[in-house]
Amino acid sequence: MNLTLKTIDNVTEKLNEYLKPYVCVMDKPRRKVLPLLMEGMLASGSCLIAESVREVNPEHLETTERRFLRTLASPHWDETELWIAHLRETAKQIKPDTMMTLDISDLAKPHAEKLEALATVRDGSKKTLTKGYWMFAMTAALEKDRILPIVHEVFSQESDEFKSQNDILFFWVKGLLHLTDKKGLYVIDRAGDGDPVFNFFLDEKARFLIRLTGNRILLSEGKPVIFSDIPSHLPFGLRKILKKHHSAITFDWQRATLPHRTEKLTLITVRGFQDRKPMFLLTNQPVSSRQEIAFLIDRYFKRWEIEESFRFLKQMFRLEKFLIRGFRAIQRFYFLLCMAWGFLTSLMRFKRIRKLIETVSFSFKRRLDFFYYRWLRGLQFLFSLIHTFRFLEVI
């Protein structure tokens, strides 16, 4: 029990240590409120302000809830310095071979009426159009199955400051490239198959791996590439079987260029994955062997595993159940959620805390490959003990 109490105290120390770079750029009112709100989000596992308040200050529910909402909606502060501090801290963990995924998800609010800048979005789970917001997410895959959230920005095409999705992507990637000295491999799904995106990454000399739609014009030895005939153009010796993800995957590759660019690229064709149509990947990362090609394919499959993080946020934090009307307040709230998830990831570096969290977490009926479900449950239990000890100290 002494070890447990010591470790519980260690969790609060790690939280204070994690918040130091952020607290130093906050003004006094935010310095008190925002860390408390983030702790409430982790302890409750909910994006509902009332439930967060219930975890951190149950004696003054209404007044604390109003205080949190006023802080999020206040025009008297700017979160730019917080974002800069967050990018600086996350950039320290980016290595040359770190994979960064760029994706856009939806926050469906079909029954909302009075939310500011409410837009029309495509509900990915129901495959229908509905009311809600878009969310741009940039995430890094670290060692030991840790996922580092870099950016979670809510945006709406109905807001005054919106220009385009590409403008949002370029803004955040350019900032991170500057802080990391162009480290990392940026992996994007078919939404990234566009001339502006390719031009941006090639101009910035940043490495990318983008899935193609199959309709793009590429040149190989000065001749157009016909995607349907790619396997017949390649010698059989260039084909390789990759036994991963419960299927035998064949892949081949060839050099290619974009019609309007001179940079040498590599076009990778993947067949046999879940009996789907061929998958085409385009990269500017130098490759010279089958092992390097297999590594890139594995990176793309790893991106699909990281997409589980959206399901994790929506299920565990009830991401789409927020009750905040102001658009700026919603953006700030999801920044705090990004910070909270980053703290959960930072805790997993410490073996002692990680072992305790996995021990006290509730059991699941099925095996979970995405460990954050278990880690969040265990952390919620530890926070409940922390708040219990605080209450006992008061009485």
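Residues numbered from 1 in each chain as written. Predicted model: local features only at pLDDT ≥ 70, side-chain atom pairs only at ≥ 80, totals over all residues. Heavy atoms only, no water.

Scanning the protein from terminus to terminus reveals 13 helices and 12 strands. Residue burial in the protein is summarised as follows: out of 395 residues, 52% are buried. Taking contacts inside the protein between residues at least 6 apart in sequence as the whole, the part at least 24 apart equals 63%. Entry remark: accessible area of the protein is about 20,200 Å², with carbon and sulfur atoms responsible for 52%. (Helix = DSSP H or I, 4+ residues; strand = E, 2+ residues; numbered from the N terminus. Buried < 20%, exposed > 50% of the residue type's maximum accessible area, 1.4 Å probe, protein only. Contact = heavy atoms within 4.5 Å. Areas by Shrake-Rupley, 256 points an atom, 1.4 Å probe, with all protein chains shown as cover.)

Strand residues, when the strand is regular, have side chains that alternate between the two faces of the sheet. Bridge count between strand 2 (residues 119-123) and strand 3 (residues 128-141): 5 bridges; the pairing is antiparallel. Considered in strand 3, the bridge of D123 is made with T128. Joining the antiparallel neighbours strand 2 and strand 3 is a turn of 4 residues, in which K127 adopts a positive phi near 60 degrees. (Pairing = 2+ DSSP bridges.)

Membership of the largest hydrophobic core comes to 127 residues, with the highest contact counts inside it found for M138, F201, F312 and Y334. Apart from the residues within four sequence positions on either side, F312 is in contact with F317, W341, L344, F370, Y372, Y373 and L376. (Core = buried A, V, L, I, M, F, W, Y, C linked by side-chain atoms within 4.5 Å.)

This brings us to a positive patch on the surface. Judged by side-chain charge, K28, R31, K32, R67 and R70 come together as a positively charged surface patch. Taken together, the elements giving at least two residues each to the positive patch come down to helix 2 (28-44) and helix 4 (61-73). Looking at the positive patch, the element that brings in the most residues is helix 2, giving 3 residues. Tracing the chain through its elements places R70 in helix 4. (Patch = residues over 30% accessible without salt bridge, like charges linked within 9 Å, V, L, I, M, F, W, Y side chains within 5 Å. Salt bridge = Lys/Arg side-chain N within 4 Å of Asp/Glu carboxyl O. Lys, Arg positive; Asp, Glu negative; His and termini not counted. Charge placed at Lys NZ, Arg CZ, Asp CG, Glu CD.)

Let us now look at the packing of helix 5 (residues 80-91) against helix 6 (residues 165-180). The interhelical angle for the contact between helix 5 and helix 6, taken along N-to-C directions, is 50 degrees, at an axis separation of 9 Å. When the axis of helix 5 is compared with that of helix 6, the two are oblique. Of the two possible hands of crossing, helix 5 and helix 6 adopt the one that is right-handed. Of helix 6, the residues touching helix 5 (which contributes W83, L87, R88 and A91) are W172, L176, L179 and T180. Split by residue class, the contact of helix 5 with helix 6 holds 6 nonpolar, 1 polar and 1 charged. (Axes fitted to C-alpha atoms, helices over the stretch in contact; angles between N-to-C directions. Parallel < 35°, antiparallel > 145°, perpendicular 65-115°, else oblique. Left-handed = near helix turned anticlockwise from the far one by under 90°. Nonpolar A, V, L, I, M, F, W, Y, C, P; charged D, E, K, R; others polar.)

Okay, the pairing of strand 3 next. Within strand 3, 11 of the 14 residues are buried, leaving the element largely enclosed by the surrounding structure. Taken together, the 10 bridges between strand 1 (residues 99-108) and strand 3 define a ladder with antiparallel strand orientation. Bridge assignment links I104 to a residue of strand 3, and that residue is F136. Bridge count between strand 3 and strand 4 (residues 147-155): 8 bridges; the pairing is antiparallel.

Bringing unusual backbone geometry into the picture now. Backbone geometry places A117, a non-glycine residue, at a positive phi of 60 degrees. On the accessibility criterion, A117 (17% relative accessible area) is buried. The backbone of R318 sits at a positive phi, close to 50 degrees, despite the residue not being glycine. Residue R318 is classed as partly exposed on the basis of its relative accessible area, which comes to 32%.

Our next topic: the packing of aromatic side chains. One pass over the structure, following the stated rule, counts 22 aromatic pairs. Taken together, a centroid distance of 5.8 Å and an interplanar angle of 0 degrees make the contact between F155 and F162 stacked. The exposure class of F155 is buried, given its relative accessible area of 4%. Judged by centre distance (4.5 Å) and plane angle (20 degrees), the ring pair of F170 and F200 falls under stacked. Placement of F170 in helix 6 and of F200 in helix 7 (residues 195-204) is noted, with a sequence separation of 30 residues between them. When its relative accessible area of 10% is taken as the criterion, F200 is described as buried. Taken together, the ring pairs in this structure connect F170, Y186, F198, F200, F201 and F208 into an aromatic cluster. (Phe/Tyr/Trp six-rings, centres within 6.5 Å; stacked < 30°, edge-to-face > 60°.)

Moving on, we get to the confidence of the model for the protein. Per-residue confidence for the protein averages 84 on the pLDDT scale, and 87% of its residues sit at or above 70. When the criterion is pLDDT under 50, residues 232-246 qualifies, and its contacts beyond four places in sequence or with other chains add up to 32 contacts. (pLDDT = per-residue confidence, 0-100.)

To continue, consider the packing of helix 9 (residues 290-306) against helix 10 (residues 308-316). Running from amino to carboxyl end, helix 9 crosses helix 10 at an angle of 5 degrees, the nearest separation of the two axes being 4 Å. The orientation of helix 9 with respect to helix 10, classified from their angle, is roughly parallel. Across from W304, E305 and I306 in helix 9, the residues of helix 10 making contact are E308, S309 and F310.

With that out of the way, let us pick up helix 5. Taking 1.5 Å of rise per residue, the 12 residues of helix 5 would be expected to cover 16 Å, and the 16 Å separating its terminal C-alpha atoms lies within 8% of that figure. Buried residues of helix 5: L82, W83, A85, H86, L87, T90 and A91, and no others. (Expected span 1.5 Å × (residues − 1).)

Take the pattern of salt bridges next. Close approach of charged atoms lets side chains of opposite charge pair. For the structure shown, the criterion picks out 20 salt bridges. As a salt-bridge pair, R303 and D189 come within 3.8 Å of each other at their nearest N and O atoms. Separated by 114 residues along the polypeptide, R303 in helix 9 and D189 in the loop between strand 5 (185-188) and helix 7 bring together distant segments of the chain. Residue class for R303 comes out buried when judged on its relative accessible area of 2%.

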